[in-house]
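Coordinates in review
One letter stands for each residue in the lines below.
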Amino acid sequence: MNQGGSQAVALNRFLAEVENSAFHMARYAVRDTDEALDIVQDAMMTLARKYAARPAAEWRPLFFRILQNRIRDWHRRSSFRGRFFAEPVRGDVDRIEQASAPESANPMEQASLDGARDQLQIAVEALPARQQQAFLLRTIEGMNVEETAQAMRCSQGSVKTHYSRAVRALRAALKEHWQ
Amino acid sequence: MTGRQNEPDALVPPGVEDSLRTEASSVPPEVGERLAAMRRQAVATVDGRAAKARLPGFFRRRELVAALCGAAVVVVAVLLVTSGGSLRELPLVTEPEVAVVQDMELLEDLEFLAWLEEESQGAG
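The structure contained in this document is the topic of the report that follows. (Residues numbered from 1 in each chain as written. Chains lettered and ligands numbered in written order. Predicted model: local features only at pLDDT ≥ 70, side-chain atom pairs only at ≥ 80, totals over all residues. Heavy atoms only, no water.)

1. Some words on the overall build of chain B
Counting its secondary structure elements, chain B contains 5 helices and 0 strands. Along its sequence from the N terminus, chain B presents helices and strands in the succession α-α-α-α-α. Within chain B, the fraction of its 124 residues that count as buried is 15%. Surface exposure of chain B reaches about 9900 Å², of which carbon and sulfur atoms provide 64%. (Helix = DSSP H or I, 4+ residues; strand = E, 2+ residues; numbered from the N terminus. Buried < 20%, exposed > 50% of the residue type's maximum accessible area, 1.4 Å probe, protein only. Areas by Shrake-Rupley, 256 points an atom, 1.4 Å probe, with all protein chains shown as cover.)

Put into C-alpha cells, the structure is as follows:
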C-alpha cells in the first residue's frame, strides 16, 4: 500500500478511537449536541488537512489541542453574542431542573446511580473551561500531565492547578456521590 | 491510554472515573452516524491529497499545466492559419478505382477499334 493510503488508514483508525470522547468533551463544554458535532468536525478536518503528515504519535495531543481551541472560539463567540444580542443560554435541556436531587432519590439502586450520574454530568458541565478541559483530558482520555499540557498549550504546573481545582469543585458539588 | 501509570492520582475515586469513561465510550446512534460521516470526509481529504501526490512532480505544477494548455491552443491556431483555413480536398477515387477506370477505357478503345475493323471489312 502506498504512503498516502496507509496514512489514510492510520488516520481513520485514530479518529475512530477519539471521536466519541471528543464529542463528549465538546458536549460538556457547549451543552449542545449540534454545536459539539460542528466543533468535532472542524477539529477532524483541521487535523486531516494540516497535520496528517506529522508522525502519528503527535496526532492525539494535536487533535485535542485543536478541539480545545475550537471550544474556546465557541465560548468567545457566545460571549460576544450574549453581550450584544442577549440570546438565551443554549443547551438541550435544563439539566439542573431535570436531575433528581440526592435527598429525593428513589431508594432503588438504579435510580440512585442515575441520579449520581446526572449530578456528575451537571457538575462537570459547570466547571470553568480550563478546569473542565484539564479534568476531561486526564480522566476520559487518560492523558498524563505532559500530554495534557501539550493539548492545552500551557505549562505542566498549570495543568496540575486546573486539575486539582476541578477535582475539589466536583467533590464539593457531588458530596456523598463522590465515591 | 498512556502515560498515567506512574503518576500518583488518588484524587478522583475510581467510580467517578469509570462513570465518565463509560459515558464517553459510547454515543447515541444518530450521533455515531454523524461522527462516522465526518471521519470519512476528513480521511477523504488525505486520500485526495495522496492521489494528487502520486502524479509525477513535473505535472503537479499548476503553472506548467496552464502553460501546456496555452501552448496546445497556440499550436492548433498556427496549424489552422498555415493551412489556409480549409481542409485539403480528399481524392474522389482511390488508386484501385483509378486502375479499373483506365482498364475500362482501354477496353472501350479496343472495342471501338474492333468495330472499325468490322466496318471496314464489311465496306470492303
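Next comes the rest of the account.
2. Thoughts on the nonpolar core
When a protein is soluble and globular, its nonpolar side chains tend to lie buried together. Residues and elements named next belong to chain A. Counting residues in each nonpolar core, the largest one holds 61 residues, and the members touching the most others are Leu15, Leu47, Phe63, Phe64, Leu67 and Phe135. Here this core gets 12 residues from one element, more than from any other, and that element is helix α1 (residues 3-30). Sequence-distant contacts of Phe63, defined by excluding residues within four places in its chain, comprise Phe14, Leu15, Val18, Ala22, Ala43, Met44 and Leu47. (Core = buried A, V, L, I, M, F, W, Y, C linked by side-chain atoms within 4.5 Å. Contact = heavy atoms within 4.5 Å.)

3. Side note on the pattern of salt bridges
Pairing of side chains with opposite charge becomes possible as their charged atoms draw close. Scanning the model with the defined rule gives 8 salt bridges over all chains in all. A:Arg54 is paired through a salt bridge with A:Glu58; the nearest N and O atoms lie 2.9 Å apart. Take A:Arg54: its relative accessible area is 38%, and that puts it in the partly exposed class. Judged by relative accessible area, A:Glu58 falls into the partly exposed class, the value being 28%. Linking B:Glu17 and B:Arg21 is a salt bridge whose minimum nitrogen-to-oxygen distance equals 3.6 Å. In this pair, B:Glu17 and B:Arg21 are both assigned in helix α1 (residues 14-24), 4 residues apart and thus about one turn of the helix distant. Residue B:Arg21 is classed as partly exposed on the basis of its relative accessible area, which comes to 26%. The network of salt bridges with shared partners includes A:Glu17, A:Arg60 and A:Glu141. (Salt bridge = Lys/Arg side-chain N within 4 Å of Asp/Glu carboxyl O.)

4. Comments concerning the interface of chain B and chain A
In this complex, chain B contributes 35 residues to the contact, which on the side of chain A involves 44 residues. When the two sides are added together, the surface that chain B and chain A hide from each other amounts to roughly 3500 Å², 61% of it contributed by carbon and sulfur. There are 10 residue pairs in polar contact (both at pLDDT 80 or more) connecting chain B and chain A. The set of elements that each furnish at least two residues to the side of chain B that touches chain A consists of α1 and α2 (29-53) of chain B. At 14 residues, α2(B) tops the list of elements feeding residues into the side of chain B that touches chain A. (Buried area = accessible area lost by both parts, 1.4 Å probe. Polar contact = N/O pair within 3.5 Å; in protein donor to acceptor, adjacent residues only side chain to side chain.)

5. A word on unusual backbone geometry
Residues and elements named next belong to chain A. Phi at Arg31 takes a positive value of approximately 60°, unusual for a residue other than glycine. For Arg31, the location among the structural elements is in the loop between α1 and α2 (33-51). Its relative accessible area of 34% is what places Arg31 among the partly exposed residues.

6. A look at the packing of aromatic side chains
Residue and element names in this part refer to chain A. According to the stated counting rule, one finds 4 aromatic pairs over all chains in the structure shown. Ring centres 5.3 Å apart and planes at 80° place the aromatic pair Phe63 and Phe64 in the edge-to-face group. Phe64 shares its class with Phe63; the two are buried. Here the aromatic rings of Phe135 and Tyr163 are separated by 6.1 Å at their centres, their planes lie at 20°, and the arrangement is stacked. With Phe135 in helix α6 (residues 129-139) and Tyr163 in helix α8 (residues 156-174), this pair connects stretches of sequence that are 28 residues apart. Judged by relative accessible area, Phe135 falls into the buried class, the value being 0%. Every member of this aromatic cluster is reached through a ring pair, and the members are Phe14, Trp59, Phe63 and Phe64. (Phe/Tyr/Trp six-rings, centres within 6.5 Å; stacked < 30°, edge-to-face > 60°.)

7. Description of a nonpolar patch on the surface
A grouping of B:Leu106, B:Leu110, B:Phe112, B:Leu113, B:Trp115 and B:Leu116 is seen on the molecular surface, where their side chains present a nonpolar patch of about 610 Å² in accessible area. Among the secondary structure elements, B:Leu116 is positioned in helix α5 (residues 95-123). (Patch = residues over 30% accessible without salt bridge, like charges linked within 9 Å, V, L, I, M, F, W, Y side chains within 5 Å.)

8. Digging into the environment of A:Thr139
Residue and element names in this part refer to chain A. Looking at where Thr139 falls in the secondary structure, it is placed in helix α6. When the C-alpha positions of Thr139 and Tyr163 are compared, they lie 9.8 Å apart, and in sequence the two are 24 residues distant. In terms of polar contacts, Thr139 uses its side chain to reach the backbone carbonyl oxygen of Phe135, at 2.6 Å.

9. Description of a negative patch on the surface
Judged by side-chain charge, B:Glu105, B:Glu108, B:Asp109 and B:Glu111 come together as a negatively charged surface patch. Relative to the assigned elements, B:Glu111 resides in helix α5. (Lys, Arg positive; Asp, Glu negative; His and termini not counted. Charge placed at Lys NZ, Arg CZ, Asp CG, Glu CD.)

10. Digging into the packing of α6(A) against helix α7 (residues 145-152) of chain A
When two helices pack together, their arrangement is given by the angle between the helix axes and by the axis-to-axis distance. All names here are of chain A. Following both chains from N to C, one finds α6 and α7 inclined at 135°, their axes separated by 10 Å at the closest point. One finds that α6 runs oblique with respect to α7. Between α6 and α7 the crossing geometry is right-handed. Each of Arg130, Gln133, Ala134, Leu137 and Arg138 in α6 lies in contact with α7, whose residues at this interface are Val145, Thr148, Ala151 and Met152. Partitioning the contact of α6 with α7 into residue classes produces 5 nonpolar, 2 polar and 2 charged. (Axes fitted to C-alpha atoms, helices over the stretch in contact; angles between N-to-C directions. Parallel < 35°, antiparallel > 145°, perpendicular 65-115°, else oblique. Left-handed = near helix turned anticlockwise from the far one by under 90°. Nonpolar A, V, L, I, M, F, W, Y, C, P; charged D, E, K, R; others polar.)

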